[in-house]
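The chain contents come next:
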Amino acid sequence: MFNRIVDAVITTIARNKMLRARAGEITLPKIVGFVFGNGGVDGKGEVIAPDTTDTALKNEIYRKVIDRYVITSYTTCKYECTLENSELAGEKISEIGLYDADGDIVAIKAFSEKGKDADLEMTFQIEDIF
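If you're wondering where the values come from, they're calculated on a predicted model, not measured in any experiment.

Rules and cut-offs
Residues numbered from 1 in each chain as written. Predicted model: local features only at pLDDT ≥ 70, side-chain atom pairs only at ≥ 80, totals over all residues. Heavy atoms only, no water. Helix = DSSP H or I, 4+ residues; strand = E, 2+ residues; numbered from the N terminus. Rg over C-alpha atoms; globule rule 2.2 N^0.38 Å. Buried < 20%, exposed > 50% of the residue type's maximum accessible area, 1.4 Å probe, protein only. Contact = heavy atoms within 4.5 Å. Areas by Shrake-Rupley, 256 points an atom, 1.4 Å probe, with all protein chains shown as cover. Salt bridge = Lys/Arg side-chain N within 4 Å of Asp/Glu carboxyl O.

## Digging into the overall build of the protein chain
Then, in step 1: Within the protein chain one finds 1 helix and 9 strands.
Then, in step 2: Listed by position from the N terminus, the elements making up the protein chain come as β-β-α-β-β-β-β-β-β-β.
Then, in step 3: Over its C-alpha atoms the protein chain spans a radius of gyration of 15 Å, differing by no more than 12% from the 14 Å that the globule rule assigns to 130 residues.
Then, in step 4: Summarising its shape, the C-alpha atoms of the protein chain cover approximately 45 × 30 × 25 Å along the three principal directions.
Then, in step 5: Counting all 130 residues of the protein chain, 41% fall into the buried class.
Then, in step 6: For the protein chain, the share of sequence-separated contacts (at least 6 apart) that also reach a separation of at least 24 residues comes to 71%.
Then, in step 7: Per element, the accessible surface of the protein chain, about 7200 Å² overall, is 50% carbon and sulfur.

## Notes on the pattern of salt bridges
Then, in step 1: Enumeration over the complete set of coordinates arrives at 8 salt bridges.
Then, in step 2: Across the pair Glu-25 and Arg-20 runs a salt bridge, and its minimum N-O distance is 3.1 Å.
Then, in step 3: For Arg-20, a relative accessible area of 31% gives the class partly exposed.
Then, in step 4: Close ionic contact of Asp-54 with Lys-58 constitutes a salt bridge, the shortest N to O distance being 3.2 Å.
Then, in step 5: Put simply, Lys-17, Asp-100, Asp-102 and Asp-104 are held in one network by salt bridges that share partners.

Structure (structure tokens):
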């Protein structure tokens with residue numbers, strides 16, 4: 001099962017790091033993993049939109065190193081991460097993000113709950129678009 005996530009919110013901390021890297025103050029840390037959560041919806045199942053000022057998911061439950069990335073165009077990179085059968089079995093995933101080598105969450109996306117069964121792999125993709 002694939003879940004392609006687009007329109008992720010780029011966090012303020014990510015934008016600050018890009019600004020400082022362009023100014024030559026820092027080297028921009030690379031994207032190293034995905035963060036998964038189950039706090040992306042309210043009690044009625046409505047999606048809670050993330051804000052650029054968020055520094056964390058609403059309810060983080062798991063982090064995992066990316067499986068791969070592909071630069072798909074001059075301004076887009078697609079990151080991919082697969083949850084294996086046993087990972088997050090029984091959870092309802094409703095938010096996901098990317099984190100960098102500093103451990104900071106740099107992109108967040110909330111969506112309707114995706115139930116994760118123990119006999120099912122789930123692959124998530126996030127497109128980082130500039």
